[in-house]
Amino acid sequence: MLTIQIDRHRIKPETCDGTLSIDGLYICDTAEHTPHRVPTGTYRIELRFSSDAHRKVPTLIPTDDCHPALHDCGPIIKVGNGVYTIGNQILVGRYLAPGIVIHSYDAFLPLYDRINNAQRRGHDVMARIIET
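Attention in this report is confined to the structure presented alongside it. Being a predicted model, the structure only gives us computed values, none of them experimental.

1. A word on the pattern of salt bridges
For the structure on display, the rule yields seven salt bridges. For Lys78, the salt bridge is made with Asp52, and the minimal N-O distance between the two is 2.9 Å. Within this pair, whereas Lys78 is found in strand S6 (residues 76–78), its partner Asp52 is found in the loop between strand S4 (41–50) and strand S5 (55–62), the two being separated by 26 residues in sequence. A cluster of three or more residues bridged by salt bridges with shared partners is formed by Arg8, Glu32, Arg37 and Glu131.

As structure tokens, then:
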């Protein structure tokens, strides 16, 4: 099993910043729009096509019934720089300022490949979002 963890460590009224790690190893930084941030909890990750991102992206599917509205069109992890135009999405990259990440493709592509390779080998991919 591949386990992704997102630790939110800077939550402001408009922006939410964190770090993404896989099996305890830091991979990249994350940014979300606070009013639309993904609820904390445990999610199963599937690679699904997103019309917003125009490609397959990691999609978070809740593992419990706490967030039934998210089962059909779950939050996604995607490429981007600023959080003000997104909702229910997590941007990955390198932290620049609150709510802003840079080098997003450089973080997204290896993350996508790791998820894709794990799933092709038959492993489950899970994500845990926590606020520290």
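2. Side note on the nonpolar core
Ranked by size, the top nonpolar core spans 25 residues in total, and within it Ile4, Leu20, Leu60, Val92, Leu111 and Ile115 carry the most contacts. Elements supplying a minimum of two residues to this core: strand S1 (2–11), strand S2 (15–22), S4, S5, S6, strand S7 (89–97), helix H1 (104–120) and strand S9 (125–131). Considering every element that reaches this core, the biggest residue donor is H1, with six residues. When neighbours within four sequence positions are excluded, Val92 is seen to be in contact with Leu20, Cys28, Asp29, Thr30, Ile77, Lys78, Gly80, Val101, Ser104, Ala107, Phe108 and Leu111. Membership of the second largest hydrophobic core comes to five residues, among which are Ala31, Val83, Leu91 and Val101.

3. Brief notes about unusual backbone geometry
Even without being glycine, His54 reaches a positive phi, approximately 65°. Mapped onto the secondary structure, His54 falls in the loop between S4 and S5. Taking relative accessible area as the criterion, His54 reaches 65% and is therefore assigned exposed.

4. Some words on the packing of aromatic side chains
Taken as a whole and judged by the stated rule, the model has one aromatic pair. For Arg10, the ring lying beneath its charged end belongs to Tyr95, and the centroid distance is 4.4 Å. Seen from the ring of Tyr112, Arg55 lies directly overhead, with NZ or CZ sitting 4.8 Å from the centre.

5. Let's talk about the environment of Asp52
Overall, Asp52 belongs to the partly exposed group, its relative accessible area being 41%. Expressed as a C-alpha distance, the spacing of Asp52 and Ile76, which sit 24 residues apart in the sequence, is 9.7 Å. Leaving out residues up to four positions away in the same chain, Asp52 has contacts with Ile76, Lys78 and Gln89.

6. Considering H1
If you check H1, its first and last C-alpha atoms are 24 Å apart, about what 17 residues at 1.5 Å a residue would give, namely 24 Å. Among the residues making up H1, those that are buried are Ser104, Ala107, Phe108, Leu111, Tyr112, Ile115 and Ala118. For H1, the angular spread of buried residues about the axis comes to 130°, placing them on one side. Along H1, exposed side chains directed more than 90 degrees from the buried face belong to Tyr105, Asp106 and Arg120. In the segment just after H1, Gly122 is the residue with positive phi, at about 90°.

7. Let's talk about the environment of Pro62
For Pro62, the location among the structural elements is in strand S5. When its relative accessible area of 2% is taken as the criterion, Pro62 is described as buried. Remark: the alpha-carbon pair of Pro62 and Pro39, spanning 23 residues in sequence, is separated by 9.5 Å.

8. A short note on the side chain of Thr30
As for its position among the elements, Thr30 is in strand S3 (residues 25–33). Overall, Thr30 belongs to the buried group, its relative accessible area being 1%. Among all residues touching Thr30, those that are not within four sequence positions of it are Ile6, Cys16, Asp17, Gly18, Thr19, Leu20, Ile90, Leu91, Val92 and Val101.

Definitions and cut-offs
- Each residue is numbered by its place in its chain's sequence as written, counting from 1.
- With pLDDT at 70 or above as the cut-off, local features in this predicted model cover only qualifying residues; side-chain atom pairs require 80 or more to be listed or tallied, and sums for whole chains, interfaces and linings still use all residues.
- Neither water nor hydrogens contribute to the side-chain values; these are computed over all heavy atoms in the structure.
- Each reported salt bridge corresponds to a side-chain nitrogen of Lys or Arg within 4 Å of a carboxyl oxygen of Asp or Glu.
- Each helix corresponds to a stretch of at least 4 residues labelled H or I by DSSP, and each strand to a stretch of at least 2 residues labelled E; elements are numbered beginning at the N terminus.
- In this text, buried Ala, Val, Leu, Ile, Met, Phe, Trp, Tyr and Cys residues form a nonpolar core when linked through side-chain atoms within 4.5 Å.
- Remark: exposure states derive from per-residue accessible area (1.4 Å probe, protein chains only) relative to the maximum for the residue type, with buried under 20%, exposed over 50%, and partly exposed in between.
- The contact definition used throughout considers only heavy atoms, calling two residues in contact when any of these lie within 4.5 Å.
- Only centres within 6.5 Å qualify two rings of Phe, Tyr or Trp (six-membered ring in Trp) as a pair; their planes then separate them into stacked at under 30 degrees, edge-to-face at over 60, and tilted for everything else.
- Lysine NZ or arginine CZ positioned within 6 Å of the ring centre and within 35 degrees of the ring normal marks a charge as sitting over the ring.
- Helix span, expected: 1.5 Å multiplied by one less than the number of residues in the helix.
- Directions drawn from the helix axis to the C-beta atoms are what define this arc.

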